[in-house]
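In case you want the letters, here they are:
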Amino acid sequence: MSIIPENTIKIKAPAKINLSLDVTGRRNDGYHNLEMVMQAISVYDELEISATPEITGIPVTFNMDKELPDKIPPQKNLVYKAALLMKGKYNIKNSFNIFLKKNIPAAAGLAGGSSDCAATLIAINRLCRLGLTDEELCRTGVTLGADVPYCIKKGTMLCKGTGDILSPLPPLKETWLILVKPGISVSTAHVYKNLDLKKLTYHPDTAGIVDAIKNNNIKSIASCLSNVLETVTAKEYPVINEIKKLLSDNGAAGSLMSGSGPSVFGIFENKEMAESAFHKMQHYKQKNPEYKETYIALCHTVQS
């Protein structure tokens, strides 16, 4: 299959947060069984993908506007892998030229890499007019990462298995958040390796948060926020609990670490409260040198 030369598409890839994250067991393949409520938010990476006449030996050209903390080569980035996989699987004769503007903090528990991967699959499907359904893209995406199927479908979702079994929830109305990522990076593999399931003294009330979402009740959602991975990450990095307290002290109805961390978000009852807290958090950052490298964003929930 080939397409019109120099055909280009631009697409946004939203970050996600976990409104709840439970680990229900360890699988024989070494992965964990999860039960999570995931939500897309208005912090986006931006991709531009062009299909050009095939250049022998250069199937995919991939560049970014900044270097990631892990400094992996382009060929190991999920965007590159996704483009190469689609090219081979669907016998696409064009080459792809991809540029990624990275706005989502990396290694932050926000699924930025998975969302970029999902956006690449979606963009190539449109660009090359493949006509694939979301389900077909998800079957391809899961081979690249457990969070990729969610990042293809986005919105408000109950996720089980390794995160690949998806059940749509009623769309959460626009809910305002403060997202804070301290100047540290966390290894997801390290967090799961050090999670002791036998010592967990609590599990999230997943049914409770699902009901709260169905009722669009922000206070109830806030009261149900829970993430068992905090037992590992917050223990190793006290700054996570410091940020949670700062958010609560500045009006958040609730706060939680997203994914394996270290990003933390606060959920607010309205935009005005969130804006006020955002300015206070920015002022706190300026006054405290240890927060110099901290990322702070005012954002809200989205469905796409």
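*Asks:* Help me understand the overall build of the protein chain in this model?
*Replies:* When helices and strands are tallied, the protein chain shows 10 helices and 11 strands. Radius of gyration (C-alpha) of the protein chain: 20 Å, near the 19 Å computed for a compact globule of 304 residues. Counting only C-alpha atoms, the protein chain reaches 55 × 45 × 35 Å along its principal axes. Of all 304 residues assigned to the protein chain, the portion counted as buried reaches 53%.

*Asks:* It is not clear to me how the pattern of salt bridges should be interpreted in this structure. Could you clarify?
*Replies:* Side-chain pairs of opposite charge can arise whenever the charged atoms involved come near each other. This model, assessed by the stated rule, comprises seven salt bridges. Between Lys10 and Glu48 there is a salt bridge; the shortest N-O distance is 3.7 Å. Within this pair, whereas Lys10 is found in strand 1 (residues 7-26), its partner Glu48 is found in strand 2 (residues 32-52), the two being separated by 38 residues in sequence. Using a relative accessible area of 65% as the deciding quantity, one classes Lys10 as exposed. With a closest N to O distance of 2.9 Å, Lys102 and Asp116 form a salt bridge. Of this pair, Lys102 sits in the loop between strand 4 (95-101) and helix 2 (112-127) while Asp116 sits in helix 2, and the two are 14 residues apart along the sequence. Judged by its relative accessible area of 3%, Asp116 falls in the buried class. A single network of salt bridges, built from pairs that share partners, joins Asp45, Lys102 and Asp116.

*Asks:* In this structure, what is going on with helix 10 (residues 271-287)? I would like to understand it.
*Replies:* Residues separated by three or four positions in an α-helix point in the same direction, a consequence of the helix having 3.6 residues per turn. Taking 1.5 Å per residue as the helical rise, helix 10 with its 17 residues ought to reach 24 Å, and the 25 Å between its terminal C-alpha atoms agrees with that figure. Against strand 7 (176-181), helix 9 (239-249) and strand 11 (295-302) lie the buried residues of helix 10. Of the residues that open helix 10, the one with a side-chain oxygen 3.2 Å from the backbone nitrogen of Glu272 is Asn270.

*Asks:* Just checking my understanding: could you explain unusual backbone geometry for this structure?
*Replies:* Going from Gly261 to Pro262, the amide bond is cis rather than trans, its omega being 5°. Notably, Lys154 is not glycine yet its phi reads approximately 60°, a positive angle. Examined against the element boundaries, Lys154 turns out to sit in the loop between helix 4 (148-153) and strand 5 (156-161). Residue Lys154 is classed as buried on the basis of its relative accessible area of 15%.

*Asks:* Quick question: what am I supposed to make of the packing of aromatic side chains here?
*Replies:* Given two aromatic rings, one states the distance between the centres and the angle between the planes to describe the pair. This model, assessed by the stated rule, comprises one aromatic pair. Ring centres 5.3 Å apart and planes at 80° place the aromatic pair Tyr284 and Tyr291 in the edge-to-face group. Of note, Lys12 hangs over the ring of Tyr44, and the distance from its end group to the ring centre comes to 5.2 Å.

*Asks:* In this structure, what is going on with the packing of helix 2 against helix 3 (residues 134-141)? I would like to understand it.
*Replies:* Angle between the axes and distance between the axes: these two values describe a pair of packed helices. Where helix 2 meets helix 3, the closest approach of the two axes is 10 Å, and the angle between their N-to-C directions is 130°. In terms of axis orientation, helix 2 runs oblique to helix 3. With respect to the hand of their crossing, helix 2 and helix 3 are arranged in right-handed fashion. From helix 2, Leu121, Ile122 and Asn125 reach across to helix 3, where they touch Leu137, Thr140 and Gly141. In terms of residue class, the contact of helix 2 with helix 3 is made up of three nonpolar, three polar and no charged.

*Asks:* In this structure, what is going on with the nonpolar core? I would like to understand it.
*Replies:* One broad trend across soluble globular proteins is that nonpolar side chains are buried collectively. One finds Phe96, Ile98 and Leu229 to be the most contacted residues of the largest nonpolar core, which totals 72 residues. Looking at this core element by element, the count peaks at eight residues for helix 2. If we skip the residues at most four places from it in the chain, Leu229 touches Leu21, Val23, Val191, Tyr192, Leu195, Met257, Gly259 and Ser260. In this structure, Leu172, Ala212, Ile218 and Cys224 belong to the second largest nonpolar core, which totals 28 residues.

*Asks:* Please clarify how the packing of helix 1 (residues 78-89) against helix 2 should be interpreted in this entry.
*Replies:* Between helix 1 and helix 2, the least distance of the axes is 8 Å, while the angle of their chain directions is 30°. With respect to helix 2, the element helix 1 is oriented roughly parallel. Every pair of crossing elements has a handedness; the one defined by helix 1 and helix 2 is right-handed. Residues Leu78, Val79, Ala82, Ala83 and Met86 of helix 1 touch helix 2, and the partners they reach there are Gly113, Ser114, Asp116, Cys117, Thr120, Leu121, Ile124 and Asn125. Of the residues in the contact of helix 1 with helix 2, the class split is eight nonpolar, four polar and one charged.

Quick notes on the rules
- Residues numbered from 1 in each chain as written.
- Predicted model: local features only at pLDDT ≥ 70, side-chain atom pairs only at ≥ 80, totals over all residues.
- Heavy atoms only, no water.
- Helix = DSSP H or I, 4+ residues; strand = E, 2+ residues; numbered from the N terminus.
- Rg over C-alpha atoms; globule rule 2.2 N^0.38 Å.
- Buried < 20%, exposed > 50% of the residue type's maximum accessible area, 1.4 Å probe, protein only.
- Salt bridge = Lys/Arg side-chain N within 4 Å of Asp/Glu carboxyl O.
- Expected span 1.5 Å × (residues − 1).
- Contact = heavy atoms within 4.5 Å.
- Polar contact = N/O pair within 3.5 Å; in protein donor to acceptor, adjacent residues only side chain to side chain.
- Phe/Tyr/Trp six-rings, centres within 6.5 Å; stacked < 30°, edge-to-face > 60°.
- Lys NZ or Arg CZ within 6 Å of the ring centre and 35° of its normal.
- Axes fitted to C-alpha atoms, helices over the stretch in contact; angles between N-to-C directions.
- Parallel < 35°, antiparallel > 145°, perpendicular 65-115°, else oblique.
- Left-handed = near helix turned anticlockwise from the far one by under 90°.
- Nonpolar A, V, L, I, M, F, W, Y, C, P; charged D, E, K, R; others polar.
- Core = buried A, V, L, I, M, F, W, Y, C linked by side-chain atoms within 4.5 Å.

Any functional reading would require information that these geometric values do not contain.
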